[in-house]
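Survey of secondary and tertiary structure
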Amino acid sequence: NERVHARTYSEIERFCFDEPDKVKKSVVSLKQNAQRLETVAKVFEQAFITSHKLALGQVKRDQASFDIFYLFVIAMFLMERGQFVISFATTFTYGAHGWFMQICKAVQKICQDEYEIHGLAGAYMFDKLSQTSAGIMAYARHRDTIKKMTDEVLAAELRHQPFLMGGLDNVFGVTVKDYQDVAYYFFKDIYDHLRIPYDFVAPKRMPLDFLKKWMSINGIQAALQEEDNGAYLLGMLVAIGIMVASTGFAM
């Protein structure tokens, strides 16, 4: 899925810009993007190093190494389910008003993968690991870290939104506050699932009604004689049905 996502974004860049390679270098160099991924990147780096040390026999498969990968699973869950949620909302605002439809349709398929496959898989893995003796120990030892990590990911999303809007007060009437409410709406489920407290007031319903349609591919009727239909799931496992039932995690 992630390889397909990367190639999709690459095609979007080629579609939009005359010199896409220069655009890529510019995006990578933006400090806002680097800061946005800082928390997750640290956890990923630690897991990457530890995995190699395990393979080389330099560390043992014990509680300490388990804790690292336990946090890695949570970091992945945060990224798939929470990070970039405002970016999806911003993109779909344009689609809801008939702009950049090819791009929005491509991003819609990526969003489906994140929320209907990756996000559910992350929640499922967290639940299963947390039911083991090692998982119970890891959660007790790192609950503060889990909260801090979740807080930082949410804060990064909220902080990043004005940058995404390019300094505009609104996009088709949708304001920074509207997008931030979208983040609170989705992150409430994340906090609840990870069993950690939060200090914000989350909306009880989706703040932007058009997101209900755009964040579910089946919500948009496609004319198959005019365009490809993305309303099927790729890379699915039979276990996805079990994950949905066991996590109770709905969009």
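As the structure is a computational prediction, the values presented were derived from the model and not from experiment.

Considering the nonpolar core
Core analysis: the largest hydrophobic core is formed by 51 residues, its most contacted members being Phe 92, Phe 187, Leu 194 and Leu 211. Looking at this core, the elements that each hand over two or more residues are helix H4 (38–55), helix H5 (63–81), helix H6 (85–96), helix H7 (101–130), helix H8 (133–164), helix H9 (176–194) and helix H10 (210–214). Examining the composition of this core, we find that nine residues originate from one element, H9, more than from any other. In contact with Phe 187, not counting residues within four places along its chain, are Gly 82, Gln 83, Val 85, Thr 150, Val 153, Leu 154, Glu 157 and Phe 200.

Things to note about the environment of Ala 183
Mapping Ala 183 onto the fold places it in helix H9. Once the C-alpha coordinates of Ala 183 and Gln 83 are considered, the two residues, 100 residues apart in sequence, prove to be 9.0 Å apart.

Digging into the pattern of salt bridges
The full count for this structure, using the stated rule, is five salt bridges. A salt bridge links Lys 188 to Asp 192; its shortest N-O distance comes to 2.7 Å. In this pair, Lys 188 and Asp 192 both sit in helix H9, four residues apart, roughly one turn of the helix. Residue Asp 192 is classed as partly exposed on the basis of its relative accessible area of 39%. A salt bridge links Arg 205 to Asp 209; its shortest N-O distance comes to 2.9 Å.

Some details on unusual backbone geometry
Positive phi is not limited to glycine here, since Phe 100 has a value of about 50°. Residue classification places Phe 100 among the partly exposed residues on the basis of a relative accessible area of 47%. Backbone geometry at Phe 172 places phi at a positive 55°, although glycine is not the residue there. Tracing the chain through its elements places Phe 172 in the loop between strand E1 (170–171) and strand E2 (174–175).

Concerning H4
Taking 1.5 Å as the rise per residue, H4 with 18 residues should run 26 Å; its terminal C-alpha atoms sit 26 Å apart, in good agreement. Three or more residues of H4 are buried, namely Thr 39, Val 40, Val 43, Ala 47, Thr 50 and Leu 54. One face of H4 carries all of its buried residues, which in axial projection span an arc of 100°. Exposed and oriented more than 90 degrees from the buried face of H4 are Lys 42, Phe 48 and Ala 55. For H4, the secondary structure elements touched by its buried residues are H5 and H8. Positive backbone phi, at 75°, marks Gly 57, one or two positions downstream of H4.

Quick word on the packing of aromatic side chains
Taken as a whole and judged by the stated rule, the model has 15 aromatic pairs. Relative to Phe 92, the ring of Phe 88 lies with its centre 6.1 Å away and its plane at 10°, an arrangement referred to as stacked. Separated by four residues within a single helix, Phe 88 and Phe 92 lie in helix H6, roughly one turn from each other. As far as the burial class goes, Phe 88 and Phe 92 line up, both buried. Note on Tyr 94 and Phe 100: the rings are 5.6 Å apart at their centroids and 55° apart in plane angle, and the pair reads as tilted. One aromatic cluster in this structure is built from Phe 66, Tyr 70, Phe 126 and Tyr 139.

Scoring rules and cut-offs
- Residues numbered from 1 in each chain as written.
- Predicted model: local features only at pLDDT ≥ 70, side-chain atom pairs only at ≥ 80, totals over all residues.
- Heavy atoms only, no water.
- Core = buried A, V, L, I, M, F, W, Y, C linked by side-chain atoms within 4.5 Å.
- Buried < 20%, exposed > 50% of the residue type's maximum accessible area, 1.4 Å probe, protein only.
- Helix = DSSP H or I, 4+ residues; strand = E, 2+ residues; numbered from the N terminus.
- Contact = heavy atoms within 4.5 Å.
- Salt bridge = Lys/Arg side-chain N within 4 Å of Asp/Glu carboxyl O.
- Expected span 1.5 Å × (residues − 1).
- Arc of directions from axis to C-beta.
- Phe/Tyr/Trp six-rings, centres within 6.5 Å; stacked < 30°, edge-to-face > 60°.

Don't take any of this as a statement about function, it's just geometry.
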